[in-house]
Amino acid sequence: MTAKKTPTVFDQDKPKTITSCGVKVTLSPDVFDDWRIVEMIADMQDGDNTSPQLLVRFLRTLLGRDQYERAMRELEAEDGRLPVSRVTEFLTGLMAGIDPNS
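Remember, predicted model here, so these are calculated numbers, not experimental data. (Residues numbered from 1 in each chain as written. Predicted model: local features only at pLDDT ≥ 70, side-chain atom pairs only at ≥ 80, totals over all residues. Heavy atoms only, no water.)

Colleague: Run through the environment of Ile18, naming residues and quoting values.
Modeller: On the secondary structure map, Ile18 appears in strand 1 (residues 16-20). Sequence separation between Ile18 and Gly97 is 79 residues; the distance between their C-alpha atoms is 5.9 Å. (Helix = DSSP H or I, 4+ residues; strand = E, 2+ residues; numbered from the N terminus.)

Colleague: Mind laying out the packing of helix 2 (residues 52-63) against helix 4 (residues 84-98), listing which residues take part and the relevant values?
Modeller: Packing of helix 2 against helix 4 brings their axes to within 12 Å, and their N-to-C directions diverge by 50 degrees. For the element pair helix 2 / helix 4, the angle class is oblique. You can see that helix 2 and helix 4 cross each other, and the crossing is left-handed. Residue-level inspection shows Leu55, Phe58, Leu59, Leu62 and Leu63 of helix 2 in contact with helix 4, the latter providing Val87, Phe90, Leu91, Leu94, Met95 and Ile98. (Axes fitted to C-alpha atoms, helices over the stretch in contact; angles between N-to-C directions. Parallel < 35°, antiparallel > 145°, perpendicular 65-115°, else oblique. Left-handed = near helix turned anticlockwise from the far one by under 90°. Contact = heavy atoms within 4.5 Å.)

Colleague: Describe the pairing of strand 2 (residues 23-27), listing the residues and the values that go with them.
Modeller: Of the two faces of strand 2, the one holding Val23, Val25 and Leu27 is buried and the one holding Lys24 and Thr26 is not buried anywhere. Note: strand 1 against strand 2, 5 bridges, orientation antiparallel. Residue pairing across strands places Thr19 opposite Lys24, the latter belonging to strand 2. The loop that links strand 1 with its antiparallel partner strand 2 comprises 2 residues; one of these, Cys21, has a positive phi angle of about 55 degrees. (Buried < 20%, exposed > 50% of the residue type's maximum accessible area, 1.4 Å probe, protein only. Pairing = 2+ DSSP bridges.)

Colleague: Lay out unusual backbone geometry with the relevant residues and their values.
Modeller: One non-glycine residue, Cys21, adopts positive backbone phi at about 55 degrees. By the element assignment, Cys21 lies in the loop between strand 1 and strand 2.

Colleague: For helix 1 (residues 35-45), give the residues involved together with the corresponding values.
Modeller: Buried within helix 1 are the following residues: Ile37, Met40 and Met44. For helix 1, the buried positions fall inside an angular range of 65 degrees around the axis, keeping them on one side. Seen from the buried face of helix 1, the exposed residues on the opposite side, beyond 90 degrees, are Trp35 and Gln45. Buried residues along helix 1 sit in contact with helix 2. (Arc of directions from axis to C-beta.)

Written as structure tokens, this is what we have:
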């Protein structure tokens, strides 16, 4: 028996480019075919959405190392700080881009 793929907002064969807070990232349609991502989404839905460790792991896993590091550099303030509010805004926009109906 073959497992049925869960439909997503992604075209099954094409990456999706999302811009949030002026930062453009590209996500593979396979990005959600990762148990770690599923676990983190479940944890966030269960009310653990304020855990800094969870949010960092989620973003790193979702974006991959190179895109994550580039996004964090692009989100830095002029004084070199990386405001939590800016990263949170980026994550919120990213999630809206992934699933506009959520």
